[in-house]
Amino acid sequence: MSNLNIDSVKQRSFDAIVIGSGISGGWAAKELTEGGLNTLVLERGRDVKHGVDYPTANKYPWEFEHRGEIPYNIKKVNPILMRANAFSEGTAHFFVKDEEHPYVQEKDFDWIRGYQVGGRSLLWARQTQRWSEYDFEGPERDGFAVDWPIRYKDIAPWYSHVEKFAGIAGNKDGLKELPDGDFLPGFPLNAVEDYFAKQLKEKYPGRYVISGRCAHLSEPGTIHYQQGRGRCLSRTACNRGCPLGGYYSSNSSTLPWAERTGRMTLRPFSVVHSIIYDESKGKATGVRVIDSESKEMIEFYARIIFVNAGSLNSNLILLNSTSDRFPNGLGNDNGLLGKYIAFHNYSANISAEFEGYKEYTTDGRRPTGGYVPRFRNVFKQETDFLRGYACGFSAHRSSVSDTNTFGEPLKQQLLNPKLGVWRVGSHMMGETIPKKENEVKLDPNRKDDWGVPLLRIAVEYDDNDEKMRNDYLEQFEEMFHAAGFVNIRPRKTVMAPGLDIHEMGGVRMGKDPKTSLLNAWNQLHHCKNVFVSDGACMTSTSTQNPSLTYMALTARAANFAVEELKKQNL
Ligand SMILES: Cc1cc2nc3c(=O)[nH]c(=O)nc-3n(C[C@H](O)[C@H](O)[C@H](O)COP(=O)(O)OP(=O)(O)OC[C@H]3O[C@@H](n4cnc5c(N)ncnc54)[C@H](O)[C@@H]3O)c2cc1C
């Protein structure tokens with residue numbers, strides 16, 4: 001090999017490669033660089049610098065060309081994206097448009113993505129509830145999927161590690177089914193939310209309304225100021241990007257922290273095509289990248305690889321990483337790669353009105369709302385469906401104007417709205433059961449603009465989901481009645497899987513290489529220097545919003561990887 005080639009290979013060689021710079025990739029980058037590893041972070045999208053690349057963050061409503069609405073011509077070509085309620089004129093630049101990155105829906109599936117540095121950490125709703133021991137025991141106790149190779153006690157210290165750094169606001173609620181964490185002060189419930197919480201306590205022991213724990217700096221500490229972040233001012237314009245760093249995103253927190261170690265190289269516009277496996281070494285040696293602008297294929301090398309491309313894209317990369325040893329995808333000896341995909345069942349909601357509490361005129365601006373932890377089948381099986389659901393709950397004081405008029409009277413009505421009644425609402429967040437037939441695979445014929453096969457998605461609801469949503473609606477209708485709410489409107493929604501934006505599985509963790517892909521440390525059973533620690537690794541889904549668990553699993557796996565490298569085990 002010529003000196004020129006040797007130099008070039010050297011420049012493309014790192015201790016670690018992280019694929020994806022979203023919520024989980026940001027954590028991998030932070031932990032690996034802090035552990036002393038020169039780390040290359042590969043991101044398929046453009047760079048988004050904290051505070052600099054948030055073009056709409058400080059805009060007033062009247063400064064938007066369409067007053068925040070998505071114009072018809074954009075709506076027309078983005079039917080999937082239009083169903084994501086966070087998609088607006090203020091946030092559109094952080095979402096993948098339907099036509100830009102097609103996929104094949106064998107069954108209806110709304111795949112909501114953000115391809116840029118920071119991934120969907122810029123867009124998320126920042127709800128961060130821990131799992132409990134009952135969640136990790138779930139599959140074994142109820143006999144579905146496979147047993148998790150870890151328990152709550154294994155991940156608890158890593159939840160704390162992540163919570164302290166990211167900054168999670170929440171109260172110590174003392175619930176076994178939703179363990180407390182290392183919290184900053186929680187945001188309060190408003191008067192009517194608090195009223196409903198008291199009603200439940202009195203009439204439905206074991207059911208609670210708590211303040212949703214969220215990744216916001218209600219009271220920043222030294223570690224947050226060191227990240228350059230400041231207090232959350234409840235502007236509630238979060239998913240336009242927060243210049244204050246009031247909420248956790250990779251852009252405001254983990255990525256700049258990793259950069260400061262001097263050991264991170266971030267390469268945007270780098271579409272990872274596949275992982276390179278060297279049979280003679282029995283491990284992965286690097287990745288193939290397509291430069292998204294020049295379309296050139298470049299190889300990068302490393303001793304360990306973290307796959308954090310966002311659940312389904314991590315499945316895609318592994319399925320596309322074929323070799324003589326792994327003809328069906330990296331680590332896929334048992335043929336289960338891409339199978340047992342699961343999600344959260346958000347297919348029902350309920351609203352009502354409350355005629356009391358008229359003396360309370362404001363509903364309070366906060367970055368979170370009320371949260372009802374799962375109360376069905378937690379400690380023992382008690383219904384005809386498996387597992388259960390958590391729920392959002394919030395109350396707002398509405399204002400009304402009579403708009404059935406014209407001219408000056410209309411102007412006066414709009415300028416002087418009257419306070420209406422309180423409105424309350426809830427939505428379900430149900431656990432779904434991972435099933436073999438819910439799967440993703442590569443399309444044998446169609447490729448994207450970068451030569452990567454399109455993903456085919458075949459995921460759907462089942463009877464368990466239907467029974468669960470009926471139960472949610474029955475229970476909430478009854479509880480709303482008991483609380484004295486009126487005009488109760490239960491609703492089943494026609495929402496395809498995916499729109500919950502909590503897609504998980506396909507590369508599940510487990511004890512047995514015959515029935516799972518990853519071990520207890522998120523290593524591929526059959527290729528130990530490749531770690532998958534985003535949602536693809538999830539064995540079951542529980543009901544809690546999942547990203548806090550991805551962060552904790554990633555931090556845990558990355559620290560393990562650093563130690564294993566030191567011991568020369570990888
Ligand atoms: C509107 C909205 C609200 C949400 N609310 C919540 C919530 O309240 N709580 C919660 O827990 N979760 C929430 N989520 C989900 C949450 O955003 C995701 O679970 C989380 O971002 C997943 O982290 P990740 O690192 O796996 O993937 P992402 O954050 O999606 O990051 C993946 C990154 O990998 C990159 N990538 C993909 N493929 C490749 C490739 N081939 N090569 C290189 N790079 C690649 C992508 O561009 C992206 O930057 C919400 C999501 C949205 C959109």
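Details of the structure are given in the entry above.
Here goes a summary of the coordinates provided. (Residues numbered from 1 in each chain as written. Predicted model: local features only at pLDDT ≥ 70, side-chain atom pairs only at ≥ 80, totals over all residues. Heavy atoms only, no water.)

## Points about the overall build of the protein chain
As a reminder, the rule being used: The way it works is that DSSP assigns letters per residue, a run of H or I at least four long becomes a helix, a run of E at least two long becomes a strand, and they are numbered from the N terminus. Throughout, the radius of gyration refers to the C-alpha atoms, and the reference size of a globule is 2.2 Å times the residue count to the power 0.38. Using a 1.4 Å probe on the protein chains alone, a residue whose accessible area is under 20% of its type maximum counts as buried, one over 50% counts as exposed, and one in between counts as partly exposed. Whether two residues touch is decided by their heavy atoms; if any such pair falls within 4.5 Å, the residues are in contact. Areas reported as accessible are Shrake-Rupley estimates using a 1.4 Å probe. Residue values count occlusion only from the protein chains shown. Counted as positive: Lys and Arg. Counted as negative: Asp and Glu, with His and the chain ends omitted from the count. Here the site of a charge means atom NZ of a Lys, CZ of an Arg, CG of an Asp or CD of a Glu.
Summing up its helical and strand segments, the protein chain has twelve helices and 20 strands in all. Relative to the compact-globule value of 25 Å for 570 residues, the protein chain shows a C-alpha radius of gyration of 24 Å, a close match. Each principal axis of the C-alpha distribution contributes one length, and for the protein chain these read about 80 × 55 × 50 Å. By the burial criterion, 60% of the 570 residues in the protein chain qualify as buried. Of the contacts made within the protein chain by residues no fewer than 6 positions apart, 72% connect residues no fewer than 24 positions apart. Of the accessible surface of the protein chain, which amounts to about 23000 Å², a share of 49% is contributed by carbon and sulfur atoms. Placing the 71 positive and 71 negative side-chain charges of the protein chain at their respective mean positions leaves the two points 2 Å apart.

## Let's talk about the sheet that holds strand β15 (residues 439-447)
Note the threshold: For two strands to pair, DSSP has to find at least two bridges joining them. In this analysis, axes come from line fits to C-alpha atoms, helices being fitted only over the stretch in contact, and the angle between any two N-to-C directions falls in the range 0 to 180 degrees.
Reading across from one edge, β3-β16-β15 is the order of the three strands in this open sheet, with mixed pairing throughout. Looking at which strands have only one partner, the edges of the open sheet turn out to be β3 (104-105) and β15. As paired elements, β15 and strand β16 (residues 453-458) share five bridges and run antiparallel to each other. When the sheet's bridge partners are listed, Lys441 is paired in β16 with Arg456. Along the sheet, helix α9 (residues 311-319) contacts β15 and β16; its crossing angle with β15, the most-contacted strand, is approximately 60°.

## A short note on the site of the ligand
To keep things clear, this is the line we draw: Being near a molecule or strand, for a residue, means having at least one of its heavy atoms within 4 Å of it. What qualifies as a polar contact is a pair of N or O atoms within 3.5 Å, subject to a donor-acceptor requirement within protein and to the restriction that residues adjacent in sequence count only when both atoms come from side chains. Charged residues are taken to be Asp, Glu, Lys and Arg, nonpolar residues to be Ala, Val, Leu, Ile, Met, Phe, Trp, Tyr, Cys and Pro, and polar residues to be all remaining types, Gly included.
Around the ligand lies a shell of 36 residues, among which Ser24, Glu43, Arg120, Ala125 and Val272 are the nearest. At 2.9 Å, a backbone N or O of Gln127 approaches an oxygen atom of the ligand. Taking 1000 Å² as the accessible area of the ligand by itself, protein coverage stands at 96%. Contributing elements (two or more residues each) for the shell around the ligand: α2 (23-34), β6 (270-278), α9 and α12 (547-566). The residue makeup of the shell around the ligand, split by class, is 14 nonpolar, 17 polar and five charged.

## A few points about the side chain of Glu439
The topology assignment puts Glu439 in strand β15. Given the relative accessible area of 17%, Glu439 is considered buried. Sequence-distant contacts of Glu439, that is, excluding residues within four places in its chain, are made with Gly338, Lys339, Ile341, Arg456, Ile457, Ala458 and Val459.

## Regarding the nonpolar core
Across soluble globular proteins, you tend to see nonpolar side chains buried next to one another. Our working definition: Nine residue types can take part in a nonpolar core, namely buried Ala, Val, Leu, Ile, Met, Phe, Trp, Tyr and Cys, and a core is a set of them joined through side-chain atoms within 4.5 Å.
Ranked by size, the top nonpolar core spans 105 residues in total, and within it Ile275 and Val287 carry the most contacts. In terms of residues, this core owes the most to one element, helix α5 (residues 152-166), which gives seven residues. With residues up to four places along the chain from it excluded, the contact list for Val287 reads Ile17, Ile19, Leu42, Val272, Ser274, Ile275, Ile276, Ile298, Glu299, Phe300 and Ile305. Core analysis: the next-biggest nonpolar cluster, separate from the first, contains 30 residues, Trp422, Val424, Met468 and Phe485 among them.

## Topic: the environment of Ala561
Inspection of the secondary structure assignment puts Ala561 in helix α12. What makes Ala561 buried here is its relative accessible area of 0%. In this structure, the C-alpha to C-alpha distance between Ala561 and Phe306, residues 255 residues apart in sequence, is 9.7 Å. In this structure, Ala561 is in contact with Ile304, Phe306, Phe531 and Leu570, ignoring residues within four places of it in sequence.

## Section: the pairing of strand β7 (residues 283-291)
β7 sits mainly inside the fold: seven of its nine residues count as buried. Pairing geometry for β6 and β7, over eight bridges, is antiparallel. Residue pairing across strands places Ser270 opposite Asp291, the latter belonging to β7. Note that β7 and strand β8 (residues 297-307) share five bridges and pair antiparallel. If you follow Arg288 over to β8, its bridge partner there is Glu299.

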